[in-house]
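Structural overview for review
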Amino acid sequence: MRAVYATGFPVGKYNAPGTPTQYRVRLGRDVHALDGVERFLWDAARAVGDPPEQFQDRATVVARHGDAMSRAVGLDLRNDAFFENADGAFERLAGLGLLVEVDVDPGRSDALSELAAAHTFRGLQVHAGPGPADQERVGAPGFPVHELSPAEHRAWTRADAAATLADAAAEAGGLVALLPQLHALMARGLGYLDRVVVQDDPISYVPVTVDVTR
Amino acid sequence: MPSPDSVVVPIGLDLGPVASPEAKGGYLYRVDDGGTVHTLHRDEYRAWRSASGDPGAPGAVWDRRRTIAAARRAGVWRARRVVDDLIRRKLVWEIDIMSDDLVLFAGLHRVEARMEVLGPFAEDPEAFEVGVPGVLRTPTSPDSVNIYLYAPTFDDLWAACVAVAEVSPTEQHPGWPKEHMLAAVFLGESTRLVASGAAVYRRAHPELGRYT
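All figures in this text were calculated on a predicted structure; none of them were measured in a lab. Once a new chain begins, its residue numbering starts again from 1 and follows that chain's sequence as written. Think of it this way: whatever chain is written first is A, whatever ligand is written first is 1, and the rest follow in order. Per-residue local features of the predicted model are confined to residues with pLDDT of at least 70, and side-chain atom pairs are confined, for both listing and counting, to 80 or more; whole-chain, interface and lining totals are unaffected and use all residues. Computation of side-chain values covers all heavy atoms of the structure but excludes hydrogens and water.

**A few points about the overall build of chain B**
Definition in use: Secondary structure is summarised from DSSP: a helix means a run of H or I of at least four residues, a strand means a run of E of at least two, and numbering begins at the N terminus for each. Our radius of gyration looks at C-alpha atoms and nothing else; its globule reference is 2.2 Å times the residue count to the power 0.38. Here's how the labels work: a residue is buried when its accessible area is under 20% of the maximum for its type, exposed when over 50%, partly exposed in between, all with a 1.4 Å probe on protein chains only. Contacts: residue pairs with any heavy atoms within 4.5 Å of one another. The method behind every accessible area is Shrake-Rupley, applied with a 1.4 Å probe, and residues are considered shielded solely by the protein chains displayed.
Counting its secondary structure elements, chain B contains seven helices and ten strands. What you see for chain B is a C-alpha radius of gyration of 17 Å, in line with the 17 Å of a compact globule of 212 residues. When its C-alpha atoms are laid out on the principal axes, chain B stretches across 55 × 40 × 35 Å. Buried residues in chain B amount to 55% of all 212 residues. Pairs at least 24 apart in sequence give 59% of the contacts found in chain B among residues at least 6 apart. As displayed, chain B has an accessible area near 9000 Å², and 53% of this comes from carbon and sulfur atoms.

See the structure below:
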């Protein structure tokens, strides 16, 4: 099975007069501009089902994307043209590295190792106090948003402290065990996968300026 | 005597409490400074949290006086002594942003961006915020947002400021290196980001060993 993961850090929604809304995502030191369809698809890949799947493939992500966009506009958009368009958006995002497909079947560990060496998990939000029973609250100081089990809390802190996914997996029983845990955290906005960068890589521009016409 | 341009920030990510029946209050508190997980007693933890600023009033630049007052309000006995001890142990830093302290601090620490960048907004295209949608938003200047979003990819804050200064359209002030100016603005604004949980400072380069 080829599992799909979204990568990158959300950098805001840009509303420049006279131009379509852009959604920006940073991956490594590159900042990419997404249109509305791409952003919905990227969000669909970050999400998980209810109950969460261990792994989700491209068909699951695209179907969820169709459901979300249909809900957003109040029309059933799930027709051939929509899915053709979604396929194109998927390919564009995969080309930018913002969606990664990786083979998680036993015996196909090369691709998984490549993913693990090239990416790192970065935690989002902070500890917000103890929760009920043995849970921990996470969110902002004074604004707890999520309650994590001890295992989820451990994954959230330990994967964040590791330099790469490979390092995190080494102490978490392997990547196939760790990835579903991290995906569940990412779906709750508690982290993201980032590309490991070479420190000498420059940044090409600053995306945030007060000149909204650029 | 601290400089009027001094700011105070805590170092480390709060890992939460661990039950410890013999400890005051029944818990000890763990803080990961990027190289070491420190175990703090309750008063130390409350004072460390006080250095984060007040999340209910995140507008003020946070300094030692405010930290000590907040620690006292949190019930810390001999708050000044506890805060000074945390500063000595480098779990809290006091930085004069107009001096070379700033360069030293920025070179020894990295910034973790813990929340999303939000904005600009249709109603105000110059407004940028960092936060959790629907929960908390902290206004942040464009230059600081740029540093905030790139900082996780750099080994330390100073390297991020140098890289952003090379491409930022912000004008340079005569006699003040641009990266120094960006770092000073970011550090001043970061006290609000730290207060709201949007940013965490941790030690960079822990391989260099402990602070001396």
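Don't stop here, the text continues.
**Let's talk about the packing of helix α5 (residues 142-150) of chain B against helix α6 (residues 157-167) of chain B**
For any two helices packed against each other, the geometry comes down to the angle between their axes and how far apart the axes lie. Residues and elements named next belong to chain B. Using the following cut-off: Note on geometry: axes are lines fitted to C-alpha atoms, helical ones only across the stretch in contact, with angles between N-to-C directions running from 0 to 180 degrees. Any angle between 65 and 115 degrees counts as roughly perpendicular, while under 35 counts as roughly parallel, over 145 as roughly antiparallel, and the rest as oblique. Helix crossings fall into two classes, left-handed where the near helix is turned counterclockwise from the far one by less than a right angle and right-handed where it is turned clockwise.
Running from amino to carboxyl end, α5 crosses α6 at an angle of 125°, the nearest separation of the two axes being 9 Å. In this view, α5 runs oblique relative to α6, as classed from their interaxial angle. In the crossing of α5 with α6, the sense of the turn from one axis to the other is right-handed. Contacts between α5 and α6 pair Asn146, Ile147 and Tyr150 from the former with Leu157, Cys161 and Val164 from the latter.

**Concerning the interface of chain B and chain A**
Put simply, the rule is: Each of two parts loses accessible area, computed with a 1.4 Å probe, when they are put together; buried area is these two losses added. Salt bridges are identified by distance alone: a Lys or Arg side-chain nitrogen within 4 Å of an Asp or Glu carboxyl oxygen. Whenever two N or O atoms come within 3.5 Å, that pair is a polar contact, provided that in protein one can donate a hydrogen and the other can accept it, and provided that, for residues adjacent in sequence, both atoms are side-chain atoms. All amino acids are sorted into three groups, where Ala, Val, Leu, Ile, Met, Phe, Trp, Tyr, Cys and Pro are nonpolar, Asp, Glu, Lys and Arg are charged, and the leftover types, Gly among them, are polar.
Counting residues at the interface gives 45 residues for chain B and 43 residues for chain A. Considering only the side of chain B, the residues that lose the most area to chain A are Arg114, Tyr150 and Thr153 of chain B, jointly responsible for 19% of the buried surface there. Scanning the region where chain B abuts chain A turns up two salt bridges. Here aspartate 160 of chain A and arginine 202 of chain B are joined by a salt bridge, their closest N and O atoms 2.8 Å apart. Linking chain B with chain A are six residue pairs in polar contact (both at pLDDT 80 or more). Elements supplying a minimum of two residues to the side of chain B that touches chain A: β2 (13-19), β3 (27-32), β6 (109-113), β7 (116-118), α5, α6 and β10 (199-203) of chain B. Counting residues per element, the side of chain B that touches chain A draws most heavily on α5 of chain B, at six residues. Of the residues contributing to the side of chain B that touches chain A, the split by class is 28 nonpolar, seven polar and ten charged.

**As for the environment of leucine 182 of chain A**
All names here are of chain A. Relative to the helices and strands, leucine 182 is located in helix α7 (residues 175-187). In this structure leucine 182 comes out as buried when scored by relative accessible area, which is 0%. Through-space distance from the C-alpha of leucine 182 to that of aspartate 103 is 17 Å; in sequence the pair is 79 residues apart.

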